[in-house]
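Structural overview
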Amino acid sequence: MSAPFVGLDPLAQLYRQHHGWLQTWLRRRLGSREAAAELAQDTFERLLRQPGLLSQLHAPRAFLSTVAHGLMVKHCQRRDLERAYLEALALMAPDSHPSPEQQAQTLELLLAVQRLLAGLAERPRRAFLLARLEGLGYAEIAAQLGVSERMVKNYMAQVMLHCLRLRQQGGDL
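This write-up is about the structure you can find in this document. Everything quoted here is computed from the prediction, not taken from an experiment. (Residues numbered from 1 in each chain as written. Predicted model: local features only at pLDDT ≥ 70, side-chain atom pairs only at ≥ 80, totals over all residues. Heavy atoms only, no water.)

Time to look at helix α7 (residues 138–145). Of the residues making up α7, those classed as buried are Ile141, Ala142 and Leu145. Along the axis of α7, the buried positions cluster into a sector of 100°, meaning they face one direction only. Turning to α7, the residues buried within the fold contact α6 (122–132) and α8 (149–168). Immediately beyond the C-terminal end of α7, within one or two residues, lies Gly146, with a positive phi of roughly 70°. (Buried < 20%, exposed > 50% of the residue type's maximum accessible area, 1.4 Å probe, protein only. Helix = DSSP H or I, 4+ residues; strand = E, 2+ residues; numbered from the N terminus. Arc of directions from axis to C-beta. Contact = heavy atoms within 4.5 Å.)

Below you can see the structure in the form of structure tokens.
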């Protein structure tokens, strides 16, 4: 009797052996069959884009769960941001709602800002948000954060340096 996966390419073999397990693993964490199926597919799609990785896999389930966990975190962040945006829209008068296209663009912009800020420490992130969203000056930010104005300037410099580094790496800004 021959082995069940003889003749399959390594990715197809990995998919057949571990897709069901990965989907179950994701479903337990997400509580959604649809989201689990989508993220399991996205996990294997990552391997399609990096074929050299496959030959280096020694612990496939550990690798798959690590990639899937990262995708799951992004999925949950996006879901939470979408929910917050929709709640903010619900507070607005219906006649002042932006068009569906504008809503989609705004959501994509918010997601890009979220990705940008995710790499920052808490205080520089808060200083940046207080300056950009609340329009506070450095003295007001310093008072809210309980630091000196010089420290706020330092935080803002950290944010700018972070943005420059992302731009140099080809990140989305």
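What follows is about the packing of α7 against α8. Two elements in contact, α7 and α8, have axes separated by 8 Å at closest approach and are oriented at 100°. On the basis of the axis angle, α7 is roughly perpendicular to α8. Contact with α7, carried on its side by Tyr138, Ala139, Ile141, Ala142 and Leu145, involves Glu149, Val152, Lys153, Tyr155 and Met156 of α8 and no other residues of that element. By residue class, the composition of the contact of α7 with α8 is 8 nonpolar, no polar and 2 charged. (Axes fitted to C-alpha atoms, helices over the stretch in contact; angles between N-to-C directions. Parallel < 35°, antiparallel > 145°, perpendicular 65-115°, else oblique. Nonpolar A, V, L, I, M, F, W, Y, C, P; charged D, E, K, R; others polar.)

Moving on to the side chain of His19. Take His19: it is sitting in helix α1 (residues 10–30). Once residues lying within four places of it in the same chain are set aside, the contact partners of His19 are Leu14, Ala40, Gln41 and Phe44.

All chains considered together, the criterion is met by 2 aromatic pairs. For the ring pair Tyr15 and Phe44, a centre distance of 4.9 Å and an interplane angle of 70° mean the geometry is edge-to-face. Of the two residues, Tyr15 sits in helix α1 while Phe44 sits in helix α2 (residues 33–49), which places them 29 residues apart along the sequence. (Phe/Tyr/Trp six-rings, centres within 6.5 Å; stacked < 30°, edge-to-face > 60°.)

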